[in-house]
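What the coordinates show
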Amino acid sequence: MRLRHASADVADIFQEIFLRLLRVKDPESIRNPQAYLYTVASHVLHQYTLGKSALPQTLDPLDPLADLQSQMFPDPAIEVDLQQRITDLARALEKLSPRAYATLVMYRCEGMTLEEIGEQLGVSRPMARKYLTRALAFCDQYFEESGGV
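Below, the structure is looked at part by part. (Residues numbered from 1 in each chain as written. Predicted model: local features only at pLDDT ≥ 70, side-chain atom pairs only at ≥ 80, totals over all residues. Heavy atoms only, no water.)

**Brief notes about the overall build of the protein**
Tallying secondary structure elements over the protein gives seven helices and zero strands in all. The helix and strand sequence of the protein, counted from the amino end, reads α-α-α-α-α-α-α. Within the protein, the proportion of its 149 residues that are buried is 26%. Only carbon and sulfur atoms are counted for the fraction: they give 56% of the accessible area of the protein, which is about 10,900 Å². (Helix = DSSP H or I, 4+ residues; strand = E, 2+ residues; numbered from the N terminus. Buried < 20%, exposed > 50% of the residue type's maximum accessible area, 1.4 Å probe, protein only. Areas by Shrake-Rupley, 256 points an atom, 1.4 Å probe, with all protein chains shown as cover.)

So this is what it looks like as structure tokens:
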């Protein structure tokens, strides 16, 4: 599911996902943590899109982001190609462990430090660094093999 034009809401969505994970009474009862995380994230995103679809869509003609996007991608074929590459990268990132993926997202998207990530995941700073190193190495290999995004 894509969060197009929702960059301001990404932090809230991630926070809601982590809060729901923290509410689990007996974490040991979860047989497949990766599948559980994916299910929780899917539910949160579904609720988010339902809430957004209830709001009326307005387009600000003075929106600088829309103007910038139209300048960056004057050719719709270029935009479609870029979207496909991003989708391919997202699929490739699913191969990462859930903690490595979460670390990458928190570090790159949220701007969190390794200490903050370690606290969030309940691991030490060196372990958070290992997760980030694995994720970045995976991305480097992906970009090398695919020719980049």
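**Things to note about the side chain of T103**
Positionally, T103 belongs in helix α5 (residues 98–108). T103 has contacts with I117, L121, A128, Y131 and L132, leaving out every residue within four places of it along the chain. (Contact = heavy atoms within 4.5 Å.)

**Brief notes about the packing of aromatic side chains**
Here the distance between the centres and the angle between the planes together describe a pair of aromatic rings. Tallied over the full model, the rule gives one aromatic pair. When the ring of Y142 is compared with that of F143, the centres are 5.7 Å apart and the planes differ by 65°; the resulting orientation is edge-to-face. (Phe/Tyr/Trp six-rings, centres within 6.5 Å; stacked < 30°, edge-to-face > 60°.)

**Quick notes on the pattern of salt bridges**
If you walk through the whole model with that rule in mind, you get four salt bridges. Salt-bridge contacts for R23 lead to E16; the nearest nitrogen and oxygen are separated by 4.0 Å. A relative accessible area of 52% places R23 in the exposed class. The class for E16 is partly exposed, based on a relative accessible area of 25%. A salt bridge links D88 to R91, with the shortest nitrogen-to-oxygen separation between them at 3.6 Å. Of the two residues, D88 and R91 are both situated in helix α4 (residues 76–93); the distance of three residues between them amounts to about one turn of the helix. With a relative accessible area of 30%, D88 lands in the partly exposed category. (Salt bridge = Lys/Arg side-chain N within 4 Å of Asp/Glu carboxyl O.)

**Things to note about the packing of α5 against helix α6 (residues 114–121)**
Interaxial distance between α5 and α6 falls to 10 Å at its minimum, and their mutual angle equals 135°. When the interaxial angle is binned, α5 and α6 end up oblique. Regarding α5 and α6, the two cross each other, and that crossing is right-handed. Contacts from R99, A102, T103, M106 and Y107 in α5 reach I117, Q120 and L121 in α6. Among the residues forming the contact of α5 with α6, the class breakdown is five nonpolar, two polar and one charged. (Axes fitted to C-alpha atoms, helices over the stretch in contact; angles between N-to-C directions. Parallel < 35°, antiparallel > 145°, perpendicular 65-115°, else oblique. Left-handed = near helix turned anticlockwise from the far one by under 90°. Nonpolar A, V, L, I, M, F, W, Y, C, P; charged D, E, K, R; others polar.)

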